[in-house]
Amino acid sequence: MKTPHIPVPSPLSLWTTVRSVGLFNVACSFAALWAFVKVSRALRWRLKTTQLRGPPRTSFIYGVLPNLIASQGTGGMYEHWATEHGVAYMIPSILGQAIVVLCDPRAIAHFYARETWTYVQTPFSLALLEALIDRGLLSSHGEDHRRQRKALTPGFSNVAVRKLTSVFYDSVYKAKGAWDIAIESSKDGDVVIEVQTWMNHISLDTIGIAGFSHDFGSLDGKRSSVTEVFDTFGTNQQASALNQFFILHALAFPIITKIPTKRTNLFKQLNVTMGKISNELLIRSRREKDVNMSERDEEKSIIGLLIKSEGQDAEFHMSKEEVVAQMKVLLVAGYETTSISLTWALIELSRHPDVQTGLREELLVFGADPTYDQLKANLPYLDAVVHEILRLHPPVGEITRLAAADDVIPLSELVRTVSGEMTDSISIAKGTLITIPVAAINRSSAIWGPDAKEFKPDRWLTEDGINGKAKEVQGHRHLLTFVDGPRMCLGKEFAITEFKAVLSVLVKNFVFEMRDGPDTPVEVASGLLPRPRVVGEDGIGVPLRVRRYE
């Protein structure tokens, strides 16, 4: 039997057909198809997702997003809405969309247990992450995320961090030396220091040495390309209205992130700069690995693990592009998060001199610089101060994810739906946006008690200092600062140990005060992540009055 010949139309014949039908009619057909798909998805979402109560739309186009983006503290808004509408509610978003907000410990635990598989990065988040660090650990999902995380995990184990503790001390003692010289040169025995820049440089030099055996030298005054681009983010406080407009529209149309703006150009510049230094460090480390360290030690260092993962026979193989992306992730995380936490710690200790004095007394009684194990177990007040900072000021205040599959989320208490029914679970359709308001949960009066908004390290020192509801939050020490589940921060132990080591040296040797008095207002400014800034200062300025402790 002869197979019938079906002619394949050429591109020219297709173009002729389009012209004969008319470009306008073709465009209308595509528009109709797009609208049909959109309407079908919207109907499916409405049928399969529990319709929850929530705040009214304040903008016909943008929902309540302008209020959130312009807010100095989204945590307060999320908590207020939870009080009004229950532990799970919906907020109106752009172009008629809605976002489900979870403020319930049981629901959040369910969510985090399924992150990277059922709940994934949103298209907007992926666009920003890929512009900044390419396809690394933060932007990967499912099996790719598991593989990349497994390859890096030994570099952040307790054993690895124990060996790196001396690096944390080396960095902070460089800063101490520079501050000593500045104070000696002062007539009054004190000096005003912009501490945030110093915390940035301590963090950058530390991750450079601890992670990649490379000293950026920022504490010595060296100006590397990486330092300059990082610092530029802090001084780029331009046109907040333009930034808000950009973010609002990019949430609906992520391709907008490709449009060159001052901020997206900074992202691109930082990506290129980090890529260049990462490649240089990899090439150098491959050459030196047999000279400077044993094979065993080399494989357990962070850069050693990355080089090992490039091998085709590696248990958790990563491509060269993935390896470079991990280095960018570690640079950004090492620079941003710890420096933000250290800055907030110095601000809160300046506002609360009694806490600062109590911490200094504990450190002076202890004596010598504590080892890794002593930082973990022998300084309870230092531990309390550090965790109170992490509770009140998480570097990332909220996360939003996209449901990649239908799901049912259980709740620990009943919520009322739009129809008036009470339910102890909510159905989530594929394509639903879910927000976890980290800062709101960490500071929630319903979870942490009536003093939740206060800086009160003593709450960590007694059994009854953390009440029953807070103990239901699954995360490091009942906090969501390091999130939970498969995406729990890989560098948690590294970050906490560095935080404690640096803070211990600074508080033991110096006394900190707000330059303009304890009631000096502090606001949140936009760096790469939200950062504190004294009101009226340029960039991310946090000037503190510093004197030696005698």
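As a reminder, the structure under discussion sits directly above these lines.
Residues numbered from 1 in each chain as written. Predicted model: local features only at pLDDT ≥ 70, side-chain atom pairs only at ≥ 80, totals over all residues. Heavy atoms only, no water.

Would you mind showing me how to read the overall build of the protein here?
Counting its secondary structure elements, the protein contains 22 helices and twelve strands. A separation of at least 24 residues holds for 73% of the contacts in the protein among residues at least 6 apart in sequence. As presented, the protein carries roughly 25,500 Å² of accessible surface, and 58% of it is formed by carbon and sulfur atoms. (Helix = DSSP H or I, 4+ residues; strand = E, 2+ residues; numbered from the N terminus. Contact = heavy atoms within 4.5 Å. Areas by Shrake-Rupley, 256 points an atom, 1.4 Å probe, with all protein chains shown as cover.)

Sorry, what's going on with the sheet that holds strand 4 (residues 190-194) here?
Strand pairing in a sheet relies on backbone hydrogen bonds, with the paired strands running either antiparallel or parallel. Pairing in this open sheet of three strands is antiparallel, and the strands run 4-12-9 from one edge to the other. Among the strands making up the open sheet, the edge pair consists of strand 4 and strand 9 (510-514). Going across the sheet, the axis of each strand differs from the next one's by a mean of 35°, ignoring polarity. By the bridge criterion, five bridges tie strand 9 to strand 12 (residues 543-548) in an arrangement that is antiparallel. (Pairing = 2+ DSSP bridges. Axes fitted to C-alpha atoms, helices over the stretch in contact; angles between N-to-C directions.)

I would appreciate a short explanation of the side chain of Arg 531 in the present structure.
Assignment of secondary structure puts Arg 531 in strand 11 (residues 530-534). Exposure remark for Arg 531: the relative accessible area of 2% places this residue in the buried category. Looking at Arg 531, its side chain comes within polar contact range of the side chain of Gln 196, at 2.9 Å. A polar side-chain atom of Arg 531 sits 3.1 Å from a polar atom in the side chain of Asn 200. In this structure, Arg 531 is in contact with Gln 196, Asn 200, Tyr 335, Glu 336, Ser 339, Ile 340, Glu 523, Val 524, Ala 525 and Ile 540, ignoring residues within four places of it in sequence. (Buried < 20%, exposed > 50% of the residue type's maximum accessible area, 1.4 Å probe, protein only. Polar contact = N/O pair within 3.5 Å; in protein donor to acceptor, adjacent residues only side chain to side chain.)

Help me understand helix 6 (residues 123-133) in this model?
One turn of the α-helix equals 3.6 residues, which is why residues spaced by three or four share an orientation. For helix 6, the set of buried residues is Phe 124, Ser 125, Leu 126, Ala 127, Leu 129, Leu 132 and Ile 133. The positive-phi residue at the C-terminal boundary of helix 6 is Asp 134, with phi of around 65°.

Please explain the packing of aromatic side chains as it appears in this structure.
A ring pair, where both rings are aromatic, is described by two values, the distance of the centres and the angle of the planes. Tallying each qualifying case throughout the model produces eleven aromatic pairs. A centroid spacing of 5.4 Å and a plane angle of 70° characterise the contact between Phe 111 and Tyr 112, whose relative ring orientation is edge-to-face. With centroids separated by 4.9 Å and ring planes inclined at 35°, the aromatic side chains of Phe 111 and Tyr 119 adopt a geometry described as tilted. Note on accessibility: Phe 111 and Tyr 119 belong to one class, buried. An aromatic cluster of three or more residues is present, and its members are Trp 179, Trp 198, Phe 510 and Phe 512. Sitting over the ring of Trp 448, Arg 391 keeps its end group 5.4 Å from the ring centre. (Phe/Tyr/Trp six-rings, centres within 6.5 Å; stacked < 30°, edge-to-face > 60°. Lys NZ or Arg CZ within 6 Å of the ring centre and 35° of its normal.)

For this particular structure, what's the right way to read the pairing of strand 7 (residues 422-428)?
Within a regular beta strand, the side chains point alternately toward one face of the sheet and then the other, so they alternate between its two faces. By the bridge criterion, six bridges tie strand 6 (residues 407-416) to strand 7 in an arrangement that is antiparallel. Paired with Ile 409 across the bridge in strand 7 is Ile 426. Between strand 6 and strand 7, which pair antiparallel in sequence order, lie five residues; one of them, Gly 420, sits at a positive phi of approximately 95°.

Sorry if this is basic, but what is going on with the sheet that holds strand 2 (residues 98-102) here?
Strand order in the open sheet formed by five strands is 1-2-8-5-3, and the pairing between neighbours is mixed. Two strands in the sheet have a free side with no partner beyond their single neighbour: strand 1 (88-92) and strand 3 (119-121). For this sheet the average axis-to-axis angle between neighbouring strands, irrespective of direction, equals 40°. Helix 4 (residues 74-85) rests against strand 1, strand 2 and strand 8 (433-436) of the sheet, and its axis sits at about 120° to strand 1.

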